[in-house]
Amino acid sequence: MRRIAAFPCLLALCTTASLLAPCAAQAGQTDAKAAPTSGTVEYKSNVSEVDSCNQAQYRMPANATATAMRLSTAIKGEYATFTCRVKWSLSPAARPTYRPILFSPSA
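### Looking at the nonpolar core
A general feature of soluble globular proteins is that nonpolar side chains tend to end up buried together.
Inference 1: Residues Val41, Cys53, Ala56, Met60, Ala64, Ala66, Met69, Cys84, Val86 and Trp88 constitute the largest nonpolar core, which totals 10 residues.
Inference 2: Where this core is concerned, the elements lending two or more residues are helix H2 (49–58), strand E2 (65–76) and strand E3 (79–89).
Inference 3: A total of three residues in this core trace back to one element, the largest contributor, which is E3.
Inference 4: When neighbours within four sequence positions are excluded, alanine 64 is seen to be in contact with Trp88, Ser89 and Leu90.

### Re the pairing of E3
Inference 1: Sheet topology places strand E1 (residues 38–45) next to E3; eight bridges connect them, and they run antiparallel. Bridging across to E3, tyrosine 43 finds its partner in cysteine 84.
Inference 2: Bridge count between E2 and E3: 11 bridges; the pairing is antiparallel. Each residue of the ladder has a partner; that of serine 72, found in E3, is threonine 83.
Inference 3: Adjacent in sequence and paired antiparallel, E2 and E3 are bridged by two residues, among which glycine 77 carries a positive phi angle near 70 degrees.

What counts and what doesn't
- Residues numbered from 1 in each chain as written.
- Predicted model: local features only at pLDDT ≥ 70, side-chain atom pairs only at ≥ 80, totals over all residues.
- Heavy atoms only, no water.
- Core = buried A, V, L, I, M, F, W, Y, C linked by side-chain atoms within 4.5 Å.
- Buried < 20%, exposed > 50% of the residue type's maximum accessible area, 1.4 Å probe, protein only.
- Helix = DSSP H or I, 4+ residues; strand = E, 2+ residues; numbered from the N terminus.
- Contact = heavy atoms within 4.5 Å.
- Pairing = 2+ DSSP bridges.

Have a look at this one:
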């Protein structure tokens with residue numbers, strides 16, 4: 001039985017590639033977009049206004065402040081769709097909305 005010998009230059013190339021891989025991953029992280037500091041979430045529910053606003057709030061990032069909200073209802077025949085849109089901000093200087101958001105954690 002004959003052993004397969006690894007070529008020294010191939011072994012060196014594999015070692016070099018494995019050493020460069022962490023640096024390449026770090027370089028890719030600098031190109032990544034930063035997380036947004038504000039945004040809007042919207043949720044449509046066929047259940048109720050409370051469900052649509054609760055689900056919209058769950059989709060906000062942690063520690064986000066709700067700066068505005070809008071609730072709308074669309075009725076088609078005997079079916080209704082409730083849409084809650086919440087604007088949020090992660091800024092410490094963000095002014096919270098003074099409109100009640102149904103069943104918010106601060107209520």
